[in-house]
Structures are given as C-alpha cells and as structure tokens.
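# Topology and contacts: notes
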Amino acid sequence: MGAVAMSRPDGKLHVWMLDVGHNNAVFAQTPGGAQILVDGGRFPSRLLTAIGDRMPFTDREIEVLVITQPDEFEIGALAAVLERYDIGVVLWNGQPNQSEAFSQLQAELARHEVVIVRAGYTLNFDDGVRLEVLHPHEQPALTDDIDENTLVLRLGLGDISFLLTSDLSREGQAALMENGQWPLATVLQLPQHGTARSLGDSFLQAVQPQAVLIQTDRANRRGDPDSDILARLDNVPIFRTDEGGTLHLWTDGKTLEAAAN
C-alpha cells in the first residue's frame, strides 16, 4: 500500500539513482506520471525489483527508455525489462556493437519504436519536463570509442536539472563542449563512477553542480570513487549509492530535496 502511494504522481519530478552495483541505472517519474529509464546495469532481477518498487503494480509501461552506450555493464539487464514492460519509445545513439548482450537486446528492440538521437534532440513532456541530448554530436561508428560517444542527457523541470553522464570519458566531455553544448546543471551524475582521471576541470566548471551523485559499489575493483576526484568537488554535497543505497531526489522545479531509500 505504501509503495503504491509513493509511486502516484504528485506534481513533482522524481529521479532515482538505482543501487544496482557498479553500473549505470537511472529511473525517473515526471509530474504527470510518465516513467523514464536510463540504462539498467547487468543484473536483471536487481533492476526489475528496483523498478517494481517504484511503479504501481498495475502499470506495465515505461514511456521512455534511453540506452547511453552498447556496454554490457549498462545494458545487460535491459532485455528482461523489454520482456516485462511495454516501452513507448527507445532513444539511443545508434552505435552498433558485436557483443552477445547487445545482440540479445537488439532482438528485443525489434518490437519497439527506436529513435537514434544526437546533440540537439529534445523531448518535451506535457507536464513541463524536458529531456535534452547534449552528446554525441554525430552517430558513432562500430570502431569509435563507446565512452567518448556515450549519450549525455539533461533532465529538467523549471529551474532544476540533472546532468546524466553515464560513462562519458574526459575526451567525450571535451568534445561535448567543443561542439557548443553547455552542460550547466543543478545536479551532476559523476562520470565513470568517479574513477581516477575521469573528470575534466573545464567540464566540472561548466556544470557548476550544486550536488553530485555517484553510482558505485563498495566491492568494485577500481576503488571508485577516486580520492583526488572527490577532493576536486570541494564543498559540493555528494550522495553515493555505496553508502546510502538507491538515491532519491525530487523537485517541483524550484526546490530540490534528496534522500536515500
């Protein structure tokens, strides 16, 4: 009963950084009740449980699914989502991949509407939420580096916005800005889980975040997030899934609140 009540539209934009390990998975609900899923990690049962806990059990549609890059660590669990839920539209950067995980995902995607997007694409919802694509500038090829060409999204309502960076590399951050995109945002999802040398100085200065989110796992072998990266964030509030589990943020377009749940 409590889960159903919490999942009902309340006029606010809700964003969850899901605790699915050392992977990218972001779930959002707009003020009008539309759901957005960005990637999903590689553990199907973990992802389905996280989504089910935040959607009414009678709701079997996710309006927008975004695939930021064809990396098994980001897409491995998505085939299970496509089997269970109806998807309104799938957005991705169009980069092919020869991995088994991506081949399985493509088979499921054949039943859905898929739109290849690039910088400049904007999806506006009737309730005022906007989803902007800031990167890449062009559709990447099979041989292009996936981290340099990952989809970068800015999800916003009113004066509050979330910059969702997935595994964007420093080279990708520089290319985003060189192509004329300005990544100013209220909340920054730290690229590449905050691994060493993953955050460009000019990129951080351009975002000017008021809060930083980190999706990571205590058991990750790289030791993320890197201490030097954290030190460069100065006095910006940092929220981490390895410390608080799933991170929940919500806004009415003017104020921003956060909790771990």
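Structure report, in brief. (Residues numbered from 1 in each chain as written. Predicted model: local features only at pLDDT ≥ 70, side-chain atom pairs only at ≥ 80, totals over all residues. Heavy atoms only, no water.)

## Observations concerning the pattern of salt bridges
The final tally for this structure, using the stated rule, is 8 salt bridges. For Arg-111, the salt bridge goes to Glu-108, with nearest N and O atoms at 3.0 Å. For Arg-111, a relative accessible area of 53% puts it in the exposed group. Residues Arg-154 and Glu-132 are paired through a salt bridge, measuring 3.1 Å at the closest nitrogen-oxygen approach. Of this pair, Arg-154 sits in strand E9 (residues 152-157) while Glu-132 sits in strand E8 (residues 130-135), placing them 22 residues apart in sequence. By the burial criterion, Arg-154 is buried, and Glu-132 matches it. Linked through salt bridges whose partners overlap, the residues forming this network are Arg-130, Glu-132 and Arg-154. (Salt bridge = Lys/Arg side-chain N within 4 Å of Asp/Glu carboxyl O. Buried < 20%, exposed > 50% of the residue type's maximum accessible area, 1.4 Å probe, protein only. Helix = DSSP H or I, 4+ residues; strand = E, 2+ residues; numbered from the N terminus.)

## Structural notes on the sheet that holds strand E12 (residues 211-214)
The pairing of strands in a sheet happens through backbone hydrogen bonds and is either parallel or antiparallel. With respect to topology, 7 strands assemble into an open sheet ordered E7-E8-E9-E10-E11-E12-E13, the strand pairing being mixed. Edge positions in the sheet fall to strand E7 (122-124) and strand E13 (238-240), since each has one partner strand and no second. The average angle at which neighbouring strand axes cross in this sheet is 15°, direction not considered. As judged from the 2 bridges shared by strand E10 (residues 160-164) and strand E11 (residues 187-189), these two strands associate in the parallel manner. (Pairing = 2+ DSSP bridges. Axes fitted to C-alpha atoms, helices over the stretch in contact; angles between N-to-C directions.)

## Quick notes on helix H6 (residues 170-178)
Listing the buried residues of H6 in full gives Gly-172, Gln-173, Leu-176 and Met-177. Along the axis of H6, the buried residues cluster in a sector spanning 135°; they form a single face. For H6, the elements touching its buried residues are E8, E9 and helix H7 (201-207). A positive backbone phi angle near 90° is found at Gly-180, which sits one or two residues after H6. (Arc of directions from axis to C-beta. Contact = heavy atoms within 4.5 Å.)

## Some words on the pairing of strand E14 (residues 247-251)
Burial within E14 is extensive, with 5 of its 5 residues counted as buried. Because side chains alternate across E14, one face comprises the buried residues Leu-247, Leu-249 and Thr-251, and the other comprises His-248 and Trp-250, equally buried. Bridge count for strand E1 (residues 13-17) against E14 is 5 bridges, and the pairing is antiparallel. Opposite Val-15, over in E14, you have Leu-249 as the bridge partner. Judged from the 5 bridges that link them, E14 and strand E15 (residues 256-260) form a sheet pairing that is antiparallel. When the sheet's bridge partners are listed, Leu-249 is paired in E15 with Ala-258.

## Describing the environment of Ser-202
By secondary structure assignment, the location of Ser-202 is in helix H7. Assessed through its relative accessible area of 45%, Ser-202 is described here as partly exposed. For Ser-202 and Ala-174, which are 28 residues apart along the polypeptide, the C-alpha to C-alpha distance reads 8.0 Å.

## Topic: the packing of aromatic side chains
All chains considered together, the criterion is met by 2 aromatic pairs. Ring geometry for Trp-16 versus Phe-27: centroids 5.8 Å apart, planes at 35°, classification tilted. Taken together, the positions of Trp-16 in strand E1 and Phe-27 in strand E2 (residues 25-29) put the pair 11 residues apart, joining distant regions of the chain. The same class applies to Trp-16 and to Phe-27, which are both buried. Ring geometry for Trp-92 versus Phe-102: centroids 5.7 Å apart, planes at 45°, classification tilted. Remark: Phe-102 occurs in helix H5 (residues 100-109) and Trp-92 occurs in strand E5 (residues 86-92); sequence separation between them is 10 residues. (Phe/Tyr/Trp six-rings, centres within 6.5 Å; stacked < 30°, edge-to-face > 60°.)

## A closer look at the environment of Ile-75
Take Ile-75: it is sitting in helix H3 (residues 72-75). Given the relative accessible area of 2%, Ile-75 is considered buried. Put simply, Ile-75 and Arg-42 are 33 residues apart on the chain and 6.1 Å apart in space, counted from C-alpha to C-alpha.

Everything listed is a geometric property; what it means functionally is a separate question.
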